[in-house]
Each structure stands twice: as C-alpha cells, then as structure tokens.
Amino acid sequence: MRPPSVDSLARSLSDIDLPPPLLVDAARTAISNGQPDSARDEAVRLQRALLGPAINATGVLLHTNLGRAPLAYSQPAKATNLEFDLETGTRGSRNHHAANLICRLTGAQAAVIVNNCSAAVTLVLAALARDRAVAVSRGELVEIGGGFRVPDVMAESGARLVEVGTTNRTRLDDYRTAHQVHQAALLMKVHPSNYRISGFTEETSVKSLATLGVPVVVDLGSGLIDDACSWLQEGRPSWLGEEPAVKQTLESGADLVTFSCDKLFGGPQAGVIAGRSDLVEACANHPLMRAFRPGALVLNALQQTALAYLRRDGDSIPFWRMAQTPVTELLSRADAMSIGRTVHTMAMTGGGSLPGEQIPSAGVEIDGDISRRLRDANTPVIARVHDQTTVIDLRTVDPGDDSLVVAAVASSI
Ligand SMILES: *Cc1c(COP(=O)(O)O)cnc(C)c1O
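So, how was this worked out
Residues numbered from 1 in each chain as written. Predicted model: local features only at pLDDT ≥ 70, side-chain atom pairs only at ≥ 80, totals over all residues. Heavy atoms only, no water. Helix = DSSP H or I, 4+ residues; strand = E, 2+ residues; numbered from the N terminus. Buried < 20%, exposed > 50% of the residue type's maximum accessible area, 1.4 Å probe, protein only. Contact = heavy atoms within 4.5 Å. Areas by Shrake-Rupley, 256 points an atom, 1.4 Å probe, with all protein chains shown as cover. Axes fitted to C-alpha atoms, helices over the stretch in contact; angles between N-to-C directions. Parallel < 35°, antiparallel > 145°, perpendicular 65-115°, else oblique. Left-handed = near helix turned anticlockwise from the far one by under 90°. Nonpolar A, V, L, I, M, F, W, Y, C, P; charged D, E, K, R; others polar. Salt bridge = Lys/Arg side-chain N within 4 Å of Asp/Glu carboxyl O. Pairing = 2+ DSSP bridges. Core = buried A, V, L, I, M, F, W, Y, C linked by side-chain atoms within 4.5 Å. Domains from an automatic or database assignment.

Chemist: In this structure, what is going on with the overall build of the protein chain? I would like to understand it.
Modeler: Secondary structure summary: the protein chain contains 16 helices and 16 strands in total. Along the first, second and third principal axes, the C-alpha atoms of the protein chain reach 85 × 50 × 45 Å. A burial count over the protein chain gives 48% of its 413 residues as buried. Here the analysis covers contacts within the protein chain between residues at least 6 apart in sequence; of these, 71% occur between residues at least 24 apart. Looking at the protein chain as shown, the accessible area adds up to about 20000 Å², and 50% of this sits on carbon and sulfur atoms.

Written as structure tokens, this is what we have:
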C-alpha cells in the first residue's frame, strides 16, 4: 500500500489544536520514520513541547523548573502609559510605576526593575565598579545555580573581585584592609540563599560594613520584602528562619540591595535594584539598562503584586496563599480526593531560598511510581517519588486543580 500523502495525513489531524504547519511537520516525521500511524502521537508530542500549564505537586513552592512563583495575570490589548507622563504629556519613564511601589514597600529612596536578579547584580557591578575593586567575603563566593557564579558575574561586568577573609570567618578588619589596599568601589555581601555554613563561623553585619564609608551592596536574592510580614494575618511565619528582609537590610545601612521578584516576593520573573537614589540612577543610566529592562507585561504583573502587598492582602499572592494554607485544610483536601493514603509531608520554599527550612504539609501517597503517567495527563501533574511510592504534596497544588489531580491519578492506575 502506498503511504498517505503528507497533506492528507496532516488534514486527518485537524482536530488537534496546532497550526497547520506543525501538523504537517508531525505528518512528515511519521512518514519518514516509515510509521504513518504514529502521526497523531507526533502531533501530540509537538503540542506538549509547547509552554503550558502544569500542576506542581512536588511540595517545592518555588520550583525553578516549574516557573518559580505561580501568578495569574492578564492584560487587555491596549496601549499603556509605559513611558508616557500623563501629567506633562511628554515622555515618561518605565521606571516610575512598579519601582515607586517597591520604594513605598521597602523604604528605599529609589529602585529600578530589570529582568532578573542576575541582571540586577551585573548592572550594579558594571555601573558602579567597572575596572575597580569589589570586596566579597570568601564565604560568599557562591554559585546560585543555573550558571550564576559570583566570581564569573564579577569578571563579566568588568569589576575586579577582591576576596576577603576565609570561607568560614570574615571580619570587619578584613574588609577594612581590603579597602585600604585596593580602594574598593563597593563592599558586597551575597546572601547564601541556597546553602548554609555552620559551625565555627563569623560574618560581618551590614551595619558594621556601613561604617567603612564605602557603598555596601547586598545581593539578597530571595526578596522577602519586610520582616514584619504585615500582609499575613498571622505575621511572620517561623519557617522563614533567619531570612533577611529588604526593608530591614536597607535600614541597617545597605546602600543598595538586589533581589528576585519570583522567589519570596511571589511575583513575575524580574529583578530589583533598590536603595540610594544616586546609585540607582547610575545603574538606570548605564547602557546595559536598555538590554536588561523588562516590558510592560512584567512591569504590570509586578505592579499588581506590589499593590497586593500594600493592601496587606497576602491571600491574593499565590505563593503566600499556598505557603500559609493550614495543614488541616490540606489534610481534608487529601481525604476528599480519595485516591490514596492521606499523609503528612514536608514542603519547602525551594528556588534557591531558605535552605534546610521546611514547611509542614500534607498530601496523598500512592503505591508504585506513577509519575510518568501523571506527567502524561492533559494538564501534567508533577509529583515526587521515593522508594517506589508516589507522593502528591497538596501545599503546592491550587485547590481548583484537585479535580484534575484526581482525574490524572484515575487514568494512571
Ligand atoms: C536567586 C538568586 C540570584 C539569581 O536570581 P535570578 O532572579 O534567578 O537571576 C542571585 N543572587 C542570589 C543571592 C539569589 O538567591
């Protein structure tokens, strides 16, 4: 029998929601593999390779591979005042909407928004320390993950790294000496967001670094906005451990802080540089700013998140709502799903934040490794597996998705 033509095979797939050129690709692949019958599977494979929703049942709230903080967001197809000053009718700045709200939240004099925290650190170094020395403790020369290594970022930005102290102990005198010898442009502290040094350790506080008369930059990474957590009815949760906050770090004397917006801030992927206005302005005016600036989609989502904080409405920020759901509620959801044993679990923030801190959680345990089948569901469910047991942690699942999880489990056993 002659194989079907690519076109007729592609037409037979027209019920699959993909544009015709991609259906043609699927048909062509199937025919050239000598298996025209596999065209439908090929098309489904192409469809599932697109960016799409997934259900995070891992118990890791800020899962980097699952897009970190979840966020609902929509925007009408309308022009915006992105760079238009409605007061004067002339050109404005894209840095006066969300950035001003960040200042209001943190007490910073000024702030600038870039694409992520890596861009924030790179821009600070390039704008304020090009060809000059930047002192960093040997205990903080970290790799954050995904290729963000402090010494490499330093080199790329044109700043000269001066290592001070030792891996476990760095004192004020170490920074003072480094400054005297190298005339440091900046003293930089990097928050150890994804690791912990314990035992015989000593680090120098921001407060004492600020006495040396050199601008102090703190890369906080995680972006907890305020120690008081006034957006939560219960106040600051214990699982935050010692996590430093943006507002208090600035109050203790940091001249600039940098942080991610899709970690503990719970917003879209973006990065913030906040602090002294002259330093922020130097960053904003640097040529790299044009390459690092986010678009209106991101700025709008960031603005919505910042407004939720100002309304003290943590419940409307998905990350905080999920993190703070009472275990009793998770247990009764697990019971109601009746797809396996209801179990207590431990969730964590993840995304390179709060190493070692766990959040009591609950979910469902199912015998056997059914993770592959769960991923194959229409809305893929990503679960945890250990010892041939699949665990669906409900802390990271939106209650509105429980029925999808039930359906995914039902179709996989
Ligand atoms: C996460 C993190 C970064 C990188 O942030 P991205 O927004 O992912 O680029 C940088 N520094 C610290 C301390 C971090 O925790």
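Chemist: What should I look at first to understand the packing of helix α4 (residues 98-106) against helix α12 (residues 296-310) in this one?
Modeler: Each pair of packed helices can be described by the angle between their axes along with the distance between the axes. Two elements in contact, α4 and α12, have axes whose closest approach is 9 Å; the angle formed by their N-to-C orientations is 25 degrees. Of the possible angle classes, the one that applies to α4 and α12 is roughly parallel. Along this stretch, α4 crosses α12, giving a crossing that reads as left-handed. Here Ala98, Leu101, Arg104 and Leu105 of α4 lie close against α12, whose contacting residues are Leu299, Leu302, Gln303, Ala306, Leu307, Tyr309 and Leu310. Per-class residue counts for the contact of α4 with α12 are 9 nonpolar, 1 polar and 1 charged.

Chemist: Where do I start with the pattern of salt bridges in this structure?
Modeler: Between side chains of opposite charge, a pair can form as their charged atoms come close. With the rule as written, the count across this model stands at 21 salt bridges. As a salt-bridge pair, Arg68 and Asp262 come within 3.1 Å of each other at their nearest N and O atoms. Here the residue Arg68 occupies a position in the loop between β1 (55-57) and β2 (84-85), and Asp262 occupies one in the loop between β11 (256-260) and β12 (271-275), the gap between them amounting to 194 residues. On the basis of relative accessibility, which here comes to 6%, the residue Asp262 falls in the buried class.

Chemist: So what exactly am I meant to see when it comes to the pairing of strand β15 (residues 381-386) here?
Modeler: Working note: regular strand, side chains alternate between the two faces of the sheet. Pairing between β1 and β15: 3 bridges, direction parallel. When the bridges of β15 are listed, Ile55 appears paired with Val381. Alignment of β15 against strand β16 (residues 389-393), held across 3 bridges, turns out to be antiparallel. What sits directly across from Arg384, in β16, is Val391. The antiparallel hairpin formed by β15 and β16 contains 2 residues in its connecting segment, where Asp387 sits at a positive phi of about 50 degrees.

Chemist: I'm lost on the nonpolar core in this one. Help?
Modeler: Soluble, globular proteins show a tendency: their nonpolar side chains are buried together. Counting residues in each nonpolar core, the largest one holds 60 residues, and the members touching the most others are Leu187, Val257 and Trp320. By residue number, the principal contributor to this core is α4, which donates 6 residues. No fewer than three residues from each of domain 2 (55-70 + 325-410) and domain 3 (84-312) sit in this core. Discounting residues that sit within four places of it in the chain, Val257 has contacts with Val218, Leu220, Val246, Thr249, Leu250, Val272, Ile273 and Ala274. Core analysis: the next-biggest nonpolar cluster, separate from the first, contains 32 residues, Ala110, Cys117, Val134 and Met154 among them.

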